[in-house]
Structure formats: structure tokens, C-alpha cells
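# Close look at the chain arrangement
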Amino acid sequence: MNVTVPEPLWRHVPVRLDVERWATRRTRKRVLVVVHTVVAGQRLLDAIRLLEGDIRVQTFFTQAPDVFSNGVADFLEQLGGLVLPWGQAVQTTFDLALAASYGGLHELHAPVVVLPHGAGHNKVTPARQKGRTVSPRGVYGLSRQRLVRDGTVVPESIVLAHHEELTRLGHECPEAVQVAEVVGDPCFDRITASLSSRALYRAALGVGAGQNLVLVCSTWGADSLLGQGWELLERMVEELPADEYRIAALLHPHIWNAHGDWQVRAWLAGMARAGLVLVSPYADWTGAVVAADYVVGDHGSVSLYGAMTGVPVLMAGGPDADVDPGSPLAELMSFAPRLRGDKPLYHQLRRSAATCGAHRYERVAARITSEPGQFHRKMRALLYRKLRLRPLRRRTTTEPARLPLVVRYDAPGSVTAPW
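Residues numbered from 1 in each chain as written. Predicted model: local features only at pLDDT ≥ 70, side-chain atom pairs only at ≥ 80, totals over all residues. Heavy atoms only, no water.

## Describing helix α17 (residues 345-355)
Note the threshold: Throughout, exposure labels follow a simple rule: accessible area from a 1.4 Å probe, protein chains only, divided by the maximum for the residue type, with under 20% read as buried, over 50% as exposed, and the rest as partly exposed. A run of H or I in DSSP counts as a helix once it spans at least four residues, and a run of E counts as a strand once it spans at least two, with each numbered from the N terminus. Relevant arc is that of directions from the helix axis to the C-beta atoms, nothing else. Any two residues whose heavy atoms approach within 4.5 Å at even a single point are treated as in contact.
Among the residues of α17, Leu-345, Gln-348, Leu-349 and Ser-352 are the ones counted as buried. Projected onto a plane normal to the axis of α17, the buried residues spread over an arc of 100 degrees and lie on a single side. Exposed residues lying more than 90 degrees from the buried face of α17 are Arg-351, Ala-354 and Thr-355. Packed against the buried residues of α17 are β14 (212-218), α10 (230-239), β15 (245-251), β17 (294-297) and β18 (313-315).

## Let's talk about the pairing of strand β2 (residues 57-63)
To keep things clear, this is the line we draw: Being paired, for any two strands, means DSSP has found at least two bridges between them. Handedness of a crossover is defined as follows: with both strands directed away from the viewer, a clockwise route from the first strand across the helix to the second makes it right-handed.
Note: strand β1 (residues 29-35) against β2, seven bridges, orientation parallel. Paired with Lys-29 across the two strands is Val-57, which belongs to β2. The β-α-β motif built from β1, the intervening helix α2 (residues 38-48) and the parallel element β2 has right-handed crossover chirality. Alignment of β2 against strand β3 (residues 83-84), held across two bridges, turns out to be parallel. Among the inter-strand pairings, Thr-62 is bridged to a residue of β3, identified as Leu-84. In this fold, the crossover linking β2 to β3 by way of helix α3 (residues 72-79) has right-handed handedness.

## A closer look at the sheet that holds β17
Here we have five strands laid out as an open sheet, ordered β16-β15-β14-β17-β18, and parallel in their pairing. Each edge of the sheet is formed by a strand with only one pairing partner; in this case those strands are β16 (277-278) and β18. The pairing of β14 with β17 spans three bridges and is parallel. Residue Leu-215 lies in a different strand from β17, and its bridge partner there is Val-295.

## Focus on the side chain of Asp-284
Where we set the bar: The definition of a polar contact used here is a pair of N or O atoms within 3.5 Å, where within protein one atom must be able to donate a hydrogen and the other to accept one, and adjacent residues in sequence count solely through side-chain atom pairs.
Mapped onto the secondary structure, Asp-284 falls in the loop between β16 and α14 (286-291). Look at Asp-284 and you get buried, because its relative accessible area is 17%. A distance of 3.3 Å separates the side chain of Asp-284 from the side chain of Arg-190, its partner in a polar contact. Only 2.6 Å separates the side chain of Asp-284 from the side chain of Thr-286, close enough to count as a polar contact.

## A few points about helix α19 (residues 375-387)
Stated precisely, the cut-off is as follows: Expected helix span is computed as 1.5 Å times (number of residues minus one).
Across its 13 residues, α19 extends 18 Å between first and last C-alpha, which sits within 8% of the 18 Å expected from 1.5 Å per residue. Along α19, the residues that are buried comprise Phe-375, His-376, Met-379, Arg-380, Leu-382, Leu-383, Tyr-384 and Leu-387. With its phi angle positive at about 60 degrees, Arg-388 sits one or two positions after the end of α19.

## Digging into the pairing of β15
In terms of burial, β15 is largely enclosed, as six of its seven residues are buried. Inspection of the sheet shows β14 paired to β15 by seven bridges, in the parallel sense. Residue pairing across strands places Asn-212 opposite Tyr-245, the latter belonging to β15. Across two bridges, the pairing between β15 and β16 is parallel. Each residue of the ladder has a partner; that of Ala-249, found in β16, is Leu-278.

## A look at the environment of Val-33
Tracing the chain through its elements places Val-33 in strand β1. With 64 residues separating them along the chain, Val-33 and Ala-97 place their C-alpha atoms 5.8 Å apart. Those residues in contact with Val-33 that sit more than four places away from it in its chain are Leu-44, Ile-48, Thr-59, Phe-60, Phe-61, Thr-62 and Leu-98.

Scope: geometric values only; no functional claims are made or implied.
As C-alpha cells, this is what we get:
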């Protein structure tokens, strides 16, 4: 039996035509933030915060339909944004819409700016219909199947992090190149701004003097680190001496939202009691990357960001994951050592530190963005240009990452909310 979850009630203020009668402040522009998933919402915050302090702009939020929409309603509630149900959002006119995914964007009555929700564009995804492939494989975020509807490019602007992506976009969807803008990457900039405060992030994760922090990062799906090798995480907690190593797990929000927060905490409760630190997916995660001495990852974006800091990056998960061969992530996976299940983990970590080729990591990191330190300035200029407003006079700087939060396990056999 299919259960239809009712949408929230439609909002009248400040949307209705006679808004001047009801609203306290009359604004000139209306911006809609389209949140498909928690990950997309987190990335969009980097953009909409650039409008802070501008009383000419009213910002609205809406939850767009997506298979990973679990958790979005809670995300928006905690944010405190003015949320319109999707049915109302697609029947309302806005001056600008921001999104970091693609579903339903053609239904909006607004020029749409689309941002990536990870480190560039690395994944290859075919379009499927009831288990059947119905179109060729394309790079997610660059392919025609995502960007074009009825022969027309849907986004008003496609935000890219690197000029290299313009070339890849030209191969995938030539007609979209004219609306693409290279702006930079906010996570890259935030990690760079945080490197000098590394000790603070290590302390927040409970890393003691003389300890090495191993950050285990898993994206979602069957080919991910967690999907392929749950026992790898268990072995790390069991094999690595606690006086030398602190193990922290950073799991993609889709894992939490697909299985439920309680379930993920319950699955990991035994390892947590043995010393595993579980990083909250609902806070800034970039500080955990800065704190790490080793990054053990898969084909997710965090592995790529890990290459920025110069520490060894080791690979796990499916070796044949759907990664674009021309992407920086594919380059990282071509030389980063893979953890082997038939060898002691301790010696593999030590060997990776001794053989870490810094120049290779630097080359990969340079492919994440061609505009280091420029995201805030360039993205702000893009927003105001599309809104046709003169920007406020204010200095735009990249703030360091906030301290990471960890999941609390208050007593043996119990798990509690980590935030």
C-alpha cells in the first residue's frame, strides 16, 4: 500500500499578491533555495550566506522531490528558513532559484543557478527506467540528460569549480557551455583557511599527543567503503593500537538518511565503545579532513579533498566504481594505494606514509579548483548580477571550518542524538 505524505500547508505571507498589506518589510527580490537532499542543502548554504545582511532580498526554501529526500525536512526546520511546499514553489514566480541537484528544475518559474554538491563532477551515471538503461552513460552534472529539457538548457547558470570542467562540459553538452561560469569551490577554500588551526580540530576529535588520526570516509551505495567492507572499519578499531591511532568515521549523509540515524548509531555502537569516533553528518565536516594524518576513502568527494592536505590517502570500496576516467578523482584512484584485506593494516598505513608522493597529491588537488580562495567573491558577484542588484559594500572572506561534532554514546548499549 502506497502512503502519500501530505505537503505542508501553503504559505500566504510573504507570497500572496497583496503582500504589502501583511509583510513587515517589503523586499525587491525573491530567491528560492531548492533543496533536494541534505548534502545539496549543505552546499547551498555556502551560496545563500553571501546574501546575508541584504534587506532587499527575501529568501524562500523548498524541498524538491528526490530519492534521498529523507532528512531534508529536519534540515530545513533546524535552519529556520521560510519553507514553501513544492506544489506552491512551482506555481510561484521568483527572481532567482539556487539548486545543487537537478530533479524538477524545469518546473520552476525562475532563472536557475545550479551548483555542484561535491568536489567537481566525478561520477558517471546512466539514466535508468525500471532497471533498464535508457540513455548513454554521462558525467553527473555535465551530461545532456541532466541539463537539457525539450531541447532547452534548463539552468540559467551552471557553476563550475575548474576551467578544466568547461572542456568536459563541452564534450558532454556543448550547448550548455555558454551558461557555465567558473567560480571555485567553497570546501576547498574552507579547508585551506583551516590548515593553520589543525590542532583545534584534532582536539575536538579527541586526538591525544602522539596519536595519529585515521579518518575513514565512506560515500553511499553498494560500491562505497561501507557497502563493500564493513569489516574494514571493524579491523581498524581492533588492529590499530589505541595509544598510536585514533579512528574516526565520516559517513555520507545519504547513509544516515537512508537507514536512519538511530540505526547507524546502533550498528556502530560496539565499535564506538572500543574507541571509534563517529563524526556527525549534520555539522561542518571539513575540519575533520584538516585534522587527519591518514585518509581512508573511496570514490566519494571527501577522498579528493583529503588530497589537499598532503597526508596519505588510501583507497577502499569497489575498485570498479562509476568514476569518469577524465576526472581528478580517477587520477587519485590511479595511484593512491588500496588497502588489502589479507595484509595487516598497521603495516599498510606505515608504508603509505613512507611512500607518500606529495607532488602527485598536489597535482590532484590543483584539479579541484582553478580559482583557489575565490569562491565567495565570484559566487557573490554572480548572484547579484543575476538578481540585477548592486552588491552591498562588504568584505568577503573565507572563514575557517567550524569544529566538527561527534556522536555521543552516553552509556554502554545506548545511543543518543549527537546534535
